[in-house]
Amino acid sequence: MKFMSKIYFEKYAQLTLGLTEFGKCFVLADKPDLQDTEQDIGIEVVLVETKDEGIKRSVWNIYAGTGITSDEFRDKFKREDFKQSVIPNCPFMAMYGRSGDAKDLISEMLDIISKKNEKFSDYKKFKSNGLYLFNRHMFPEQIQDLQNLIDYEKFVFDFYVINCINKLYVFSKEAIKEYDISHETMGLFKRLSLEHERNNQ
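Residues numbered from 1 in each chain as written. Predicted model: local features only at pLDDT ≥ 70, side-chain atom pairs only at ≥ 80, totals over all residues. Heavy atoms only, no water.

Caption draft 1: Layout of the packing of aromatic side chains. Inspection of every chain in the model, using the stated rule, returns 13 aromatic pairs. Here the aromatic rings of F22 and F26 are separated by 6.2 Å at their centres, their planes lie at 75 degrees, and the arrangement is edge-to-face. Look at F22 and you get buried, because its relative accessible area is 9%. With a centroid separation of 5.0 Å and 50 degrees between ring planes, the pair formed by Y132 and F134 is classed as tilted. (Phe/Tyr/Trp six-rings, centres within 6.5 Å; stacked < 30°, edge-to-face > 60°. Buried < 20%, exposed > 50% of the residue type's maximum accessible area, 1.4 Å probe, protein only.)

Caption draft 2: Fine view of the environment of I143. Position of I143 relative to the elements: it lies in helix α6 (residues 140–149). Along the primary structure I143 and I176 are separated by 33 residues, whereas in three dimensions their C-alpha atoms are 8.5 Å apart. Contacts of I143, omitting those with residues within four sequence positions, involve M138, I162, Y169, F171 and I176. (Helix = DSSP H or I, 4+ residues; strand = E, 2+ residues; numbered from the N terminus. Contact = heavy atoms within 4.5 Å.)

Caption draft 3: Representation of the environment of R136. On the secondary structure map, R136 appears in the loop between β4 (128–134) and α6. On the basis of relative accessible area, R136 is assigned to the partly exposed category, the value being 27%. Along the chain, R136 and I165 lie 29 residues apart, while their C-alpha atoms are 5.7 Å from each other.

Caption draft 4: Summary view of the sheet that holds strand β1 (residues 27–28). Reading across from one edge, β1-β2-β3-β4-β5-β6-β7 is the order of the seven strands in this open sheet, with mixed pairing throughout. Unpaired on one side and paired on the other, β1 and β7 (176–180) mark the two borders of the sheet. Pairing geometry for β1 and strand β2 (residues 34–36), over two bridges, is antiparallel. In the strand pairing of β2, L28 is matched with L34. α6 contacts β5 (159–163), β6 (167–171) and β7 of the sheet and is inclined by roughly 20 degrees relative to β6. (Pairing = 2+ DSSP bridges. Axes fitted to C-alpha atoms, helices over the stretch in contact; angles between N-to-C directions.)

Caption draft 5: Structural detail: unusual backbone geometry. Following K31, the chain continues to P32 via a peptide bond in cis, the omega torsion being 5 degrees. Mapping P32 onto the fold places it in the loop between β1 and β2. In this model, K31 sits at a positive phi of 50 degrees, which is unusual for a non-glycine residue. For K31, the location among the structural elements is in the loop between β1 and β2.

Caption draft 6: Focus on the side chain of H196. Examined against the element boundaries, H196 turns out to sit in helix α7 (residues 183–198). Ignoring sequence-local partners within four residues, the contact set of H196 consists of I7, K11 and L28.

Caption draft 7: Looking closely at the side chain of T20. Looking at where T20 falls in the secondary structure, it is placed in the loop between α1 (6–17) and β1. Reaching out from T20, the side chain makes a polar contact with the backbone oxygen of L17 at a distance of 2.7 Å. Every residue in contact with T20, bar those within four places of it in the chain, is listed here: L168, V170 and Y179. (Polar contact = N/O pair within 3.5 Å; in protein donor to acceptor, adjacent residues only side chain to side chain.)

Caption draft 8: Structural view of the pattern of salt bridges. A complete count under the given rule lists seven salt bridges for this structure. Residue K6 is joined to D33 by a salt bridge in which the shortest nitrogen-to-oxygen separation is 3.1 Å. On the criterion of sequence distance, the pair formed by K6 in helix α1 and D33 in the loop between β1 and β2 is long-range, its members being 27 residues apart. By relative accessible area, K6 is classed as partly exposed at 45%. The residue K115 makes a salt bridge to D111 at a minimum N-O spacing of 3.3 Å. Here K115 pairs with D111, and both are found in helix α5 (residues 102–119), just four residues apart, close to one helical turn. On the basis of relative accessible area, K115 is assigned to the partly exposed category, the value being 48%. D111 gets classed as partly exposed once you look at its relative accessible area, which sits at 38%. (Salt bridge = Lys/Arg side-chain N within 4 Å of Asp/Glu carboxyl O.)

What follows is the structure, encoded as structure tokens:
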């Protein structure tokens, strides 16, 4: 069974949208992933991470909360980048990050948006079309830079949602809205998403 697969992230995105102005009417679907026929809104969900980050995320989710210490983790895994990504002498925490500056990150985001825009030509169209991106690396100032750099005339998407773990940013050409996600709510959403994933594989 895959752990924290696309099924998981689509469900998590659906739950977090309930915290925003969009509400809780989205259903899980395909092309695009989230659809609200009442409000005539469709949203595609994308996880932004490198292959290496995906491996580290999987490892983190297997061992986090098991009581394994960082020293035990170092003994278990010989890869240097894994060894360097944990805090010594404490309960295991994977501080898996990404190298590169803000310009690289924004450029990568624009590239992902462009590729999704091309694929979206085969998707069902709604009155309002959005792109939901999981990207834990972005900061508020980068969100604003991204907002200013997007070519709204070129891309089919009317709005974008960026999930930065405990922050959710919804923006269009005109404005950016920020929503907080508490640790308790994140925990609840994770449990519900994992349960949904287990029941749909």
